[in-house]
Amino acid sequence: MDSILRAAGDLLDTELSDPVDLGGSRRSTVMRCRTATGGSVIVKAFAGEPEGLRSFASEAAGLSLRMAGPELLAVDAAVPLLVMEDLGDAPTLADLLLGDDPKAATAGLLAWARGLGRLAAASVPKRADLARLRARYDKGVPSWEDEPWIEQNSADLLDLLDRTLITVPKGLAGELAKIGAVRAEYPAFTPGDTCPDNNLLTPGGLRLIDFEAACFQSVFLTAAYCRMPFSTCWCVFRLPTGLAEEIEHAFRAEVVNAYPELADGAVWQAGTRRAIAVWTVDATLALLPRTLEDGPLHPTRRPVPTRRQLLEHRWARAGPLKASSAGRASAAAALAMSFERTNTPTG
């Protein structure tokens, strides 16, 4: 920690002190530090393993676009670390959703959806800019935009199911092969993980704070966060009737400014269904191996669903992808029934 403070202080030409650990992850260390003038900054240092290096390059490039999130104050690619503006202690959307004020939670959800939509729409002309910035900070690990993660997840799911007591429905491989088409559809910038705890609802509006997976991806993959809700998150509960549709509409109303074709309901529904399938596969890979001994999704926050509850909910919400075009039950529907029927996916 001392070496991180010295490196960050050298970048800013000031002494940093009183570091407060803000959590971070296995990929990064995040601290709030005092400056010699009495202000504060956020210092984020990254691990030297591949995922840490990927996260550094993505975050440095994403923040350098200056379209959302805190102001990027300095970058040291050698450590690697970056120094950001301190946005203070404004509540996150997760705080509002887990609070006791339904109106504040609804307002927060709509601000979050509109903010993501505006960011996506405004970013469409800037794809080359992000590529140039990422090349500047590249540490030899491809961004998620360049990784075939959707296709790899589909293959890994089939392998995982083969190792459980769940029967792999006939035709599932073919259905999974089709969902990867969403990757290239209507690309726009995203910080990557747009979950409720990765933003601040400040007096000046929504500010996003985690850019470790920043890239261009299909707007449908972000739209799925509204409908599922929160595709990769621990803070997941059923929303009141109609609210998911309302926040999805708020997001869509912004992105159609960049992609007018998305005003077509058939185009929108087909793309969002594929995106939900992508994230359902992703969640299954993360949760299924850990459901034999169930447990809460977050180590400290309460209330929070368990792994089994979330996995069952994910497949239940994947309902729109369960019917084949010929009206027959799809392989995905058969698999969903396995999860919904047992609620103990590993048998």
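Conventions we followed
- For every chain, the first residue of the written sequence is number 1, and numbering continues from 1 along that sequence.
- Only residues with pLDDT of at least 70 are given local features in this predicted model, and only at 80 or more are side-chain atom pairs given and counted; all residues enter the totals for whole chains, interfaces and linings.
- The side-chain values count all of the structure's non-hydrogen atoms but skip hydrogen atoms and water molecules.
- The helix and strand labels rest on DSSP assignments: H or I over at least four residues marks a helix, E over at least two residues marks a strand, and numbering proceeds from the N terminus.
- Disulfide assignment relies on a single distance test, namely cysteine sulfur atoms paired within 2.5 Å.
- When accessible area is computed with a 1.4 Å probe and restricted to protein chains, residues below 20% of their type maximum are described as buried, those above 50% as exposed, and intermediate ones as partly exposed.
- In protein, a polar contact requires one atom able to donate a hydrogen and another able to accept it; more generally it is a pair of N or O atoms within 3.5 Å, and residues adjacent in sequence count only if both atoms are side-chain atoms.
- Whether two residues are in contact is decided by their heavy atoms: any pair within 4.5 Å suffices.
- Any carboxyl oxygen of Asp or Glu that lies within 4 Å of a side-chain nitrogen of Lys or Arg is treated as forming a salt bridge with it.
- Each nonpolar core is a collection of buried residues, namely Ala, Val, Leu, Ile, Met, Phe, Trp, Tyr and Cys, held together in the definition by side-chain atoms within 4.5 Å.
- Paired strands, in this sense, are two strands between which DSSP finds at least two bridges.
- The convention used is that axes are lines fitted to C-alpha atoms, helices contributing only their stretch in contact, and that angles between N-to-C directions extend from 0 to 180 degrees.
- The aromatic pairing rule takes the rings of Phe, Tyr and Trp, using the six-membered ring of Trp, and pairs them if the centres are within 6.5 Å, calling planes under 30 degrees apart stacked, those over 60 edge-to-face and the rest tilted.
- By definition here, charges over rings are those cases where NZ of Lys or CZ of Arg is within 6 Å of the ring centre and within 35 degrees of the ring normal.
- The arc in question is traced by the directions running from the helix axis to the C-beta atoms.

Visitor: I'd like to hear about unusual backbone geometry, residue by residue, with values.
Guide: Both trends apply: most residues other than glycine have a negative phi, and most peptide bonds are in trans. Put simply, M228 and P229 share a cis peptide bond, and its omega is -5°. Structurally, P229 can be placed in the loop between helix 8 (219-227) and helix 9 (243-255). Of note, the bond from R302 into P303 is cis; its omega dihedral lies within 30 degrees of zero at 0°. With respect to the helices and strands, the residue P303 is situated in the loop between helix 10 (265-287) and helix 11 (307-317). Positioned with a positive phi, D13 is a non-glycine residue whose angle comes to about 60°.

Visitor: Before we move on, can you summarise the state of the cysteines with the specific residues and values?
Guide: This model, assessed by the stated rule, comprises 1 disulfide. The thiol sulfur of C215 is not disulfide-bonded, and the nearest other cysteine sulfur, from C195, lies at 14 Å.

Visitor: Which residues make up the side chain of Q217, and what are the values?
Guide: With respect to the helices and strands, the residue Q217 is situated in strand 9 (residues 215-218). Q217 gets classed as buried once you look at its relative accessible area, which sits at 11%. One polar contact links Q217 to T222, side chain to side chain, over a distance of 3.5 Å. With residues near it in sequence (within four places) discarded, Q217 still touches Y186, P187, A188, T190 and T222.

Visitor: Which residues make up the pattern of salt bridges, and what are the values?
Guide: Tallied over the full model, the rule gives 17 salt bridges. Here D89 and R32 are joined by a salt bridge, their closest N and O atoms 3.4 Å apart. Taken together, the residues D89 in the loop between strand 5 (81-85) and helix 3 (93-97) and R32 in strand 2 (residues 28-35) connect sequence positions 57 residues apart. Where E59 meets K44, a salt bridge forms, and the shortest distance between an N and an O atom there is 2.7 Å. Residue E59 is found in helix 2 (residues 50-64), and its partner K44 is found in strand 3 (residues 40-46); the two are separated by 15 residues along the sequence. Each member of the pair, E59 as well as K44, carries the same accessibility label: buried.

Visitor: I'd like a description of the environment of T284, backed by residues and values.
Guide: Structurally, T284 can be placed in helix 10. Residue classification places T284 among the buried positions, given a relative accessible area of 0%. Sequence spacing of T284 and N257 is 27 residues, and the spatial spacing of their C-alpha atoms is 34 Å.

Visitor: Tell me about the nonpolar core, and please be specific about residues and values.
Guide: The biggest cluster of nonpolar side chains holds 78 residues, and the ones touching the most others in it are W112, F189, V219, I247 and F251. Considering every element that reaches this core, the biggest residue donor is helix 10, with 9 residues. With residues near it in sequence (within four places) discarded, V219 still touches A120, E185, Y186, A188, F251, V255, Y259 and L262. L5, A8, L16 and L81 belong to the second-largest nonpolar core, a separate cluster that totals 13 residues.

Visitor: Outline the sheet that holds strand 5, supporting the account with residue identities and numerical values.
Guide: Within the open sheet, the 5 strands sit side by side as 1-2-3-5-4. Their pairing is antiparallel. Each end of this open sheet is capped by a strand with a single partner; those strands are strand 1 (16-21) and strand 4 (72-76). Along the sheet, successive strands turn relative to each other by an average axial angle of 25°, direction set aside. Taken together, the 4 bridges between strand 4 and strand 5 define a ladder with antiparallel strand orientation. Across the sheet, L72 pairs through a bridge with M84, a residue of strand 5. Here helix 1 (residues 2-12) sits on the sheet in contact with strand 1, strand 2, strand 3, strand 4 and strand 5, set at roughly 60° to strand 5.

Visitor: Break down the packing of aromatic side chains for me, citing the residues and quoting the values.
Guide: Given two aromatic rings, one states the distance between the centres and the angle between the planes to describe the pair. Counted by the stated rule, this structure contains 11 aromatic pairs. Centre to centre, the rings of F220 and W268 are 5.5 Å apart; their planes meet at 70°, and the pair counts as edge-to-face. One end of the pair, F220, is in helix 8; the other, W268, is in helix 10, with 48 residues separating them in the sequence. Overall, F220 belongs to the buried group, its relative accessible area being 1%. Since its relative accessible area comes to 1%, W268 is described here as buried. Among the aromatic residues, those joined into a cluster by ring pairs are Y186, F220, F251, Y259 and W268. Above the plane of the ring of W144 lies R54, whose end atom (NZ or CZ) is 4.1 Å from the centre.

Visitor: Would you mind going over helix 7 (residues 172-179) in detail, with residue names and values included?
Guide: Buried within helix 7 we find L172, L176 and I179. Down the axis of helix 7, the smallest arc covering the buried residues is 50°, so these residues share one side. Exposed and oriented more than 90 degrees from the buried face of helix 7 are A177 and K178.

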